[in-house]
Amino acid sequence: MSNKIIRKEKLAENIFSFTLDAPQIAKNSNPGQFVIIRINETGERIPLTIAEADKADGTIRIISMSIGKTTMFLSGLNIGDAIKDLLGPLGQKSRIDKFGSVVCIGGGVGIAPLLPITKALKEKGNDTVSIIGARDKDSLILEKEMSLASNEIHICTDDGSKGYKGFVSKRLSELITKKDGKDPCYKFDRAIAIGPPIMMKAVCDVTAKFNIKTIVSLNSVMIDGTGMCGTCRVEVGGQTKFACVDGPEFDGFLVNFDLLIARQNYYLKEEREAVEYFTKEHPDGKCRLH
Ligand SMILES: Cc1cc2nc3c(=O)[nH]c(=O)nc-3n(C[C@H](O)[C@H](O)[C@H](O)COP(=O)(O)OP(=O)(O)OC[C@H]3O[C@@H](n4cnc5c(N)ncnc54)[C@H](O)[C@@H]3O)c2cc1C
Ligand code: FES
């Protein structure tokens, strides 16, 4: 049955990986693209990146961090459950060319969308250096997969429980600049950064100093995902763009991150209320589709 969950894996305390039977989407999907899911008849639509697509098996993998009502609902689904609506692949595919040395920077659940892009860049013959980070060692996801997709990997945790202690942007800065501030250690031809907007902004602040072209993937709030509703509008280079059809990837130096962050926080009150209501309805944290 299409849209059925055929594999479920817990990657971290609140991050789950689902492999879904979705042959049409798998066949047409490219790195950088996403799906919009609606779990059941009364559910809201949310975008999730296609973290992997297996064309031969006809499956896609989505990785979701439970941060609100719908992602909490999703985390309670199990093998055999089917998602009501699965729309995709959506968005523009990543540009995968031979750039040279590419630094791939991922934070938190942003490592999930980064994985297929890093893999494709390496397969294309780029030298991929990854810097991935999380709050602590237990929150870090896809380390093994990212290691395989990278010529070199650097792990960072905010609390120092694994790898470098500090933010990915700081590690990046140290890799590019020797501590004495003289000759650059690493020469990157391109950077791609995916994670919380504040992280992508910090990465762009570093790469701008060295004029390294930096691509970011914007996680603006989306509804239809097809350019109709305007919810996902972002400001890029002073122009309004729709992240769902024009993106989600954009030139990081042109993105108005402050506006993106402000728009993401627009519905915080309603989102909190939805979680409260959902938790009351499902005190055991488990919900059923039927
Ligand atoms: C192109 C794209 C790809 C994404 N890929 C992933 C992914 O692979 N894994 C993952 O865990 N998350 C991903 N996200 C973010 C994910 O869509 C949100 O975390 C999810 O919608 C939250 O819904 P919620 O009801 O659980 O939480 P809510 O409580 O509703 O929201 C929590 C926060 O999530 C964001 N959000 C809420 N509704 C939406 C919406 N409809 N669209 C986008 N953001 C929303 C808001 O910033 C909000 O503050 C992606 C977002 C975009 C735009
Ligand atoms: S989500 Fe509606 S226009 Fe992009």
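Above this text sits the structure in question.
Bear in mind that the values here come from a model prediction, so they are computed numbers and not experimental data.

**Student:** Help me out: how do you make sense of the site of ligand 1 in this one?
**Tutor:** In the vicinity of ligand 1, 23 residues are found, and the nearest of them are Ile46, Gly68, Thr70, Thr71 and Glu271. Listed by contribution, the elements that provide at least two residues to the shell around ligand 1 are strand 4 (45-54), strand 5 (59-65), helix 2 (69-75) and helix 3 (111-123). For the shell around ligand 1, the element with the highest residue contribution is strand 4, accounting for 4 residues. Broken down by class, the residue content of the shell around ligand 1 amounts to 13 nonpolar, 8 polar and 2 charged. Each of domain 1 (5-91 + 269-281) and domain 2 (101-217) contributes no fewer than three residues to the shell around ligand 1.

**Student:** How should I be thinking about the sheet that holds strand 5 in this particular structure?
**Tutor:** Within the open sheet, the 6 strands sit side by side as 1-2-5-4-3-6. Their pairing is antiparallel. The open sheet has two edge strands with one neighbour each: strand 1 (5-12) and strand 6 (85-90). Direction aside, neighbouring strands of the sheet carry axes that sit 30° apart on average. Bridge count between strand 3 (residues 34-38) and strand 4: 5 bridges; the pairing is antiparallel. Across the sheet, phenylalanine 34 pairs through a bridge with threonine 49, a residue of strand 4. Strand contacts of helix 3: strand 4 and strand 5, with the helix running at about 35° to strand 4, the strand carrying the most contacts.

**Student:** I'm lost on the pairing of strand 2 (residues 15-21) in this one. Help?
**Tutor:** Successive side chains on a regular strand alternate, one facing one side of the sheet and the next facing the other. By the criterion of burial, strand 2 is predominantly enclosed, with 5 of the 7 residues buried. Where strand 1 lies against strand 2, 6 bridges are found, and the strand directions are antiparallel. Residue pairing across strands places lysine 10 opposite phenylalanine 16, the latter belonging to strand 2. Here strand 1 hands over to strand 2 after 2 residues, the two strands then running antiparallel side by side. By the bridge criterion, 7 bridges tie strand 2 to strand 5 in an arrangement that is antiparallel. Of the residues in strand 5, the one forming a bridge with leucine 20 is isoleucine 60.

Analysis parameters
- The residue count restarts for each chain, going from 1 along the sequence in the order it is written.
- Note on labels: chains are lettered from A, ligands numbered from 1, in written order.
- Predicted model: local features are reported for residues with pLDDT of at least 70 only, side-chain atom pairs are reported and counted for 80 or more only, and whole-chain, interface and lining totals are derived from all residues.
- We call a residue near a molecule or strand if the C-beta atom, set from the backbone, is within 6 Å of it.
- Starting at the N terminus, helices and strands are each numbered in turn, a helix being any DSSP run of H or I of at least four residues and a strand any DSSP run of E of at least two.
- Lys, Arg, Asp and Glu make up the charged group, whereas Ala, Val, Leu, Ile, Met, Phe, Trp, Tyr, Cys and Pro make up the nonpolar group; the residues left over, Gly among them, are polar.
- In this entry, domain limits derive from an automatic or database-based domain assignment.
- Here, a strand pair is defined by DSSP locating no fewer than two bridges between the strands.
- Axis definition: a line fitted to C-alpha atoms, limited for helices to the stretch in contact. Angles are taken between N-to-C directions and run from 0 to 180 degrees.
- Any two residues are considered in contact once their C-beta atoms, placed from the backbone, lie within 7 Å.
- For every residue, the other C-beta atoms within 10 Å of its own C-beta are counted; 20 or more classify it as buried, 12 or fewer as exposed, and values in between as partly exposed. C-beta atoms are placed from the backbone.

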